[in-house]
Amino acid sequence: MRIQLDHVTKRFGAVRALDDVCLDIPAGTRVALIGPNGSGKTTLTRAVMGLVAHEGAVRIDGSTARRAELARRLAYVPQIAPQMAATVGEVVAAVASLRGLAEGRIAELAAELDLDVAPLRARPFRALSGGMKQKLLLALALAARPELLVLDEPTASLDARARARFTALQRVLTGGATVILCSHRLEEIRALIDHVVALEDGRVVYAGPAGDYLDARVASVVEILVDGDSPAWLREHGFVRQSGGWWTRAAGHAEKLALVSAAPGALGLRLRNLCVRDVDLLEGEASHA
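Before going into details, it helps to say that this report is about the structure given with it. What you are looking at is a predicted structure, and each value in this text was computed from that prediction instead of being measured.

**What about the pairing of strand β4 (residues 55-60)?**
Bridging between strand β1 (residues 3-12) and β4 involves five bridges; their strand directions are antiparallel. The residue of β4 that forms the bridge with Gln4 is Arg59. In the sheet, β4 pairs with strand β5 (residues 63-64) via two bridges, with the strands oriented antiparallel. When the sheet's bridge partners are listed, Ile60 is paired in β5 with Ser63. Between β4 and β5, which follow one another and run antiparallel, lie two residues, and Asp61 among them has a positive phi close to 50°.

**Structural notes on the environment of Ala57**
For Ala57, the location among the structural elements is in strand β4. A sequence separation of 32 residues divides Ala57 from Ile25, and the C-alpha atoms of the two residues are 14 Å apart. Excluding its chain neighbours within four sequence positions, the residues that come into contact with Ala57 are Gln4, Leu5, Asp6 and Val8.

**A few points about the sheet that holds strand β3 (residues 30-34)**
What the six strands build is an open sheet, ordered β6-β7-β8-β3-β9-β10; its pairing is mixed. The sheet terminates laterally at β6 (74-77) and β10 (203-209), the two strands that pair on one side only. Sheet twist, expressed as the mean angle between neighbouring strand axes with direction ignored, is 15°. The pairing of β3 with strand β8 (residues 178-182) spans four bridges and is parallel. Bridging across to β8, Arg30 finds its partner in Val179.

**As for the side chain of Gln170**
Inspection of the secondary structure assignment puts Gln170 in helix α6 (residues 160-173). Contact partners of Gln170, with chain neighbours within four places excluded, come to Arg30, Leu142, Ala191 and Leu192.

**Describing the packing of aromatic side chains**
If you walk through the whole model with that rule in mind, you get two aromatic pairs. Where Tyr206 meets Tyr213, the ring centres are 5.1 Å apart and the plane angle is 45°; that geometry is what we call tilted. By relative accessible area, which is 4% here, Tyr213 ends up buried.

Parameters at a glance
Residues numbered from 1 in each chain as written. Predicted model: local features only at pLDDT ≥ 70, side-chain atom pairs only at ≥ 80, totals over all residues. Heavy atoms only, no water. Pairing = 2+ DSSP bridges. Helix = DSSP H or I, 4+ residues; strand = E, 2+ residues; numbered from the N terminus. Contact = heavy atoms within 4.5 Å. Axes fitted to C-alpha atoms, helices over the stretch in contact; angles between N-to-C directions. Phe/Tyr/Trp six-rings, centres within 6.5 Å; stacked < 30°, edge-to-face > 60°. Buried < 20%, exposed > 50% of the residue type's maximum accessible area, 1.4 Å probe, protein only.

Coordinates in, geometry out; function isn't part of it.
Here you go:
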């Protein structure tokens with residue numbers, strides 16, 4: 001599904017949540033929306049889905065989007081699950097009927113995310129834990145095989161195992177769908193998307209390949225554990241001594257590769273361990289208003 005935004009502006013009183021946004025997202029593109037709180041990410045996704053009125057035009061596959069038609073082609077997983085009084089069984093049955101799906105398929109996908117739907121069918125959806133709600137919403141969305149999948153912090157309530165399972169499932173099930181992801185998790189962005197759209201104060205400040213954007217916003221920390229006295233090589237290369245024989249230093253991408261390649265030869269048998277950690281700078285961007 002190709003998505004085009006042509007001078008889209010949305011005002012809430014004196015505040016411009018979106019300010020003359022122009023974008024062209026080719027069909028099958030996987031886009032991350034990135035920006036601090038209040039930058040316009042949620043408003044942009046709602047404009048794309050036809051949920052808010054706005055100035056300018058949103059075109060889907062070249063035509064102005066009609067909400068009813070678009071609803072049949074998209075799936076949406078919000079960050080905060082709706083507080084529905086309906087039971088789990090009623091929610092599953094309603095979505096299956098509207099989408100023409102087998103309820104068993106939804107249950108299978110939920111099970112892949114470690115959620116057993118059967119014993120929960122009589123329980124109100126709003127009574128589920130945050131993780132349970134998110135797993136069920138993800139299963140409902142993936143089962144629909146949408147042409148457009150909109151995900152707003154989709155794994156915020158999931159543990160590491162469920163996040164990994166979701167990543168694997170979406171790769172298989174979304175196929176050529178266009179994906180719009182709002183997330184601040186570096187590992188999630190790397191696994192799910194290929195393009196980034198960065199927003200600030202309702203304006204687009206970057207639109208392009210994910211690799212270029214992330215490389216400028218990820219720092220690495222190289223940690224080396226050695227036996228014995230302080231090796232001169234570590235001091236010469238800017239490492240700082242820590243407790244327990246560990247030495248650390250921050251490094252850019254090229255420096256990291258050079259240090260990791262050179263350390264075994266320079267340190268020899270004194271090298272006991274070597275670790276590299278990526279420090280996610282996206283969280284800092286997300287936290288300021």
